[in-house]
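Notes for the structure review
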Amino acid sequence: MNAIAEDVIVEPAVPDRAVASPVAAVRDGRDRPLRDLRLSVIDQCNFRCTYCMPREVFDEHYRFLRASERISFDEMMKIAHAFVALGVEKIRITGGEPLLRRGLETLIERLARMTTLKGKPLDIALTTNGSLLGARARGLRDAGLSRVTVSLDALDDAVFRRMSDVDLPVARILDGIEQAQAVGLAPVKVNTVIERGVNDHQILPLVRHFKGSEIALRFIEFMDVGGAAGWSNSTVLKARDIRAIVEKEFPLIAADHADSGATSVNYRHADGKGTVGFIASVSEPFCGECSRARVSADGQLYTCLFATQGADLKPWLGEAVPGEQLMDAIHARWNARDDRYSELNADRRRAGTGKTWPTVRMSLVGG
Ligand code: SAM
Ligand code: SF4
Ligand code: SF4
């Protein structure tokens, strides 16, 4: 397992104040609102998933962000206030592995005190590989975390170890999931990336395992994101094919599409015992409804998962800079946003001119 930097810092909790006055919700160049923020708190991870941080690249020589290059919790709070004043209602904490950022509960406590423009509590979610969740679930819940998504690609230990390239049993992740449920983090979701020929035989075991448990299992198509070294068209099992595999054993009924910005198309088991979701990021892109901004652990704003470059927010993060200036910078960047990488790429593939290029790495900007 990769050694985790000991330089992660415990940060002082200072009182938060709203840094800016609210404005009407902003829209981008394609009339998409800004609703969700994915905040990456660290670029390191204790896993080496082959589709995200292959060990050949992310080895002992890999230069991760130093603690001094990562933005502090105070700076993250300033960013959070600015995004919420611009209309964001949900913040998802991600990474790398977010539970490796020491003192994360302190950040969550501070975020949990915020309210949205509509006066509702901010929805705070966390995406984690689950390896450290068992011991932390209660503290995260007490800090104000609303819900958690755990990534788990297999029930079989050998397949899990091969994909995550980590020496841990699946039981450790399942324990994290159970603890999260037990302390009342709800809903608990499980995300499974399917790579054709690698873990497609795990689809049915996973459905069998989580059926009837109130855990929302979602299958994700393997994406050509930065870091996914082995990606090619032939490694993608389309969401509709994944669903066909599930339906061989479990009849499904389409569920209502509650959230317009949602990435997952959800189905209910015909016997009422739970749901299964499918995220067709590659075969049926949902750029038209993409309302997500991402801020990396070094304070860069990305308006698409496949962006090649971020906008540096650090010049606006100093205490002396009024929050309104940070808001203006984010607002201007969102107004100029025209991203729809997955749609364009699907068009290119259909036209036979498919070509991918290096994008920001997933472990820096979060999923
Ligand atoms: N370490 C945490 C985890 O694994 O949940 C949070 C960060 S991880 C980058 C966020 C999500 O991105 C995970 O659910 C992971 O499965 C997904 N992901 C990473 N690389 C991917 C790829 N190439 N295709 C599809 N999903 C990917
Ligand atoms: Fe780590 Fe998550 Fe990437 Fe896997 S997907 S290597 S757990 S950041
Ligand atoms: Fe959003 Fe970019 Fe993904 Fe399209 S490709 S859904 S714009 S992140």
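Please refer to the structure higher up on the page.
The structure displayed is predicted, hence computed values, not measured ones.

The subject of this paragraph is the sheet that holds strand S7 (residues 252-254). Pairing within the open sheet is mixed, and its twelve strands lie in the order S7-S8-S9-S6-S5-S4-S3-S2-S1-S10-S11-S12. The sheet is open, and its two borders are formed by S7 and strand S12 (311-312), each paired with just one other strand. Relative to strand S3 (residues 123-128), strand S2 (residues 90-94) runs parallel, the two sharing four bridges. Along S3, the bridge assignment pairs Arg 92 with Ala 125. The strands that helix H7 (residues 239-249) touches are strand S5 (188-194), strand S6 (216-221), S7, strand S8 (265-269) and strand S9 (275-279); relative to S9, the one it contacts most, it runs at about 155 degrees.

All right, on to the environment of Leu 252 then. Tracing the backbone through its elements, the reader meets Leu 252 in strand S7. Judged by relative accessible area, Leu 252 falls into the buried class, the value being 12%. Distance from Leu 252 to Ala 270, taken between C-alpha atoms, is 5.1 Å for residues 18 residues apart in sequence. Not counting the four nearest positions on each side in its chain, Leu 252 is found in contact with Arg 243, Val 246, Glu 247, Tyr 267, Arg 268, His 269, Ala 270, Val 276 and Phe 278.

Scanning the model with the defined rule gives 19 salt bridges in all. Among the salt bridges present, the one from Arg 110 reaches Asp 74, with a minimum N-O distance of 2.7 Å. Here Arg 110, found in helix H2 (residues 104-112), pairs with Asp 74, found in helix H1 (residues 73-85); they are 36 residues apart in sequence, far enough to count as distant. What emerges from the salt-bridge pattern is a single network uniting Asp 28, Arg 32, Arg 337 and Asp 339.

The subject of this paragraph is the environment of Lys 273. Looking at the secondary structure, you find Lys 273 in the loop between S8 and S9. Between the alpha carbons of Lys 273 and Lys 211 there is a distance of 6.1 Å; along the sequence they are 62 residues apart. Apart from residues lying up to four places away in sequence, Lys 273 is in contact with Lys 211 and Gly 212.

What follows is about the site of ligand 3. In the region of ligand 3, the neighbouring residues are Phe 286, Cys 287, Cys 290, Arg 294, Cys 304, Leu 305, Phe 306, Arg 337, Asp 339, Tyr 341 and Ser 342. Residues belonging to the shell around ligand 3 are distributed by class as follows: seven nonpolar, one polar and three charged.

Core analysis: the biggest nonpolar cluster contains 109 residues, and Phe 83, Leu 152, Ile 177 and Phe 219 have the highest contact counts within it. By residue number, the principal contributor to this core is H1, which donates nine residues. Those residues in contact with Leu 152, other than ones at most four positions away along the chain, are Phe 160, Val 170, Ile 173, Leu 174, Ile 177, Val 190, Asn 191, Thr 192, Leu 206 and Phe 210.

Conventions used here
- Residues numbered from 1 in each chain as written.
- Chains lettered and ligands numbered in written order.
- Predicted model: local features only at pLDDT ≥ 70, side-chain atom pairs only at ≥ 80, totals over all residues.
- Heavy atoms only, no water.
- Pairing = 2+ DSSP bridges.
- Helix = DSSP H or I, 4+ residues; strand = E, 2+ residues; numbered from the N terminus.
- Contact = heavy atoms within 4.5 Å.
- Axes fitted to C-alpha atoms, helices over the stretch in contact; angles between N-to-C directions.
- Buried < 20%, exposed > 50% of the residue type's maximum accessible area, 1.4 Å probe, protein only.
- Salt bridge = Lys/Arg side-chain N within 4 Å of Asp/Glu carboxyl O.
- Near = heavy atom within 4 Å.
- Nonpolar A, V, L, I, M, F, W, Y, C, P; charged D, E, K, R; others polar.
- Core = buried A, V, L, I, M, F, W, Y, C linked by side-chain atoms within 4.5 Å.

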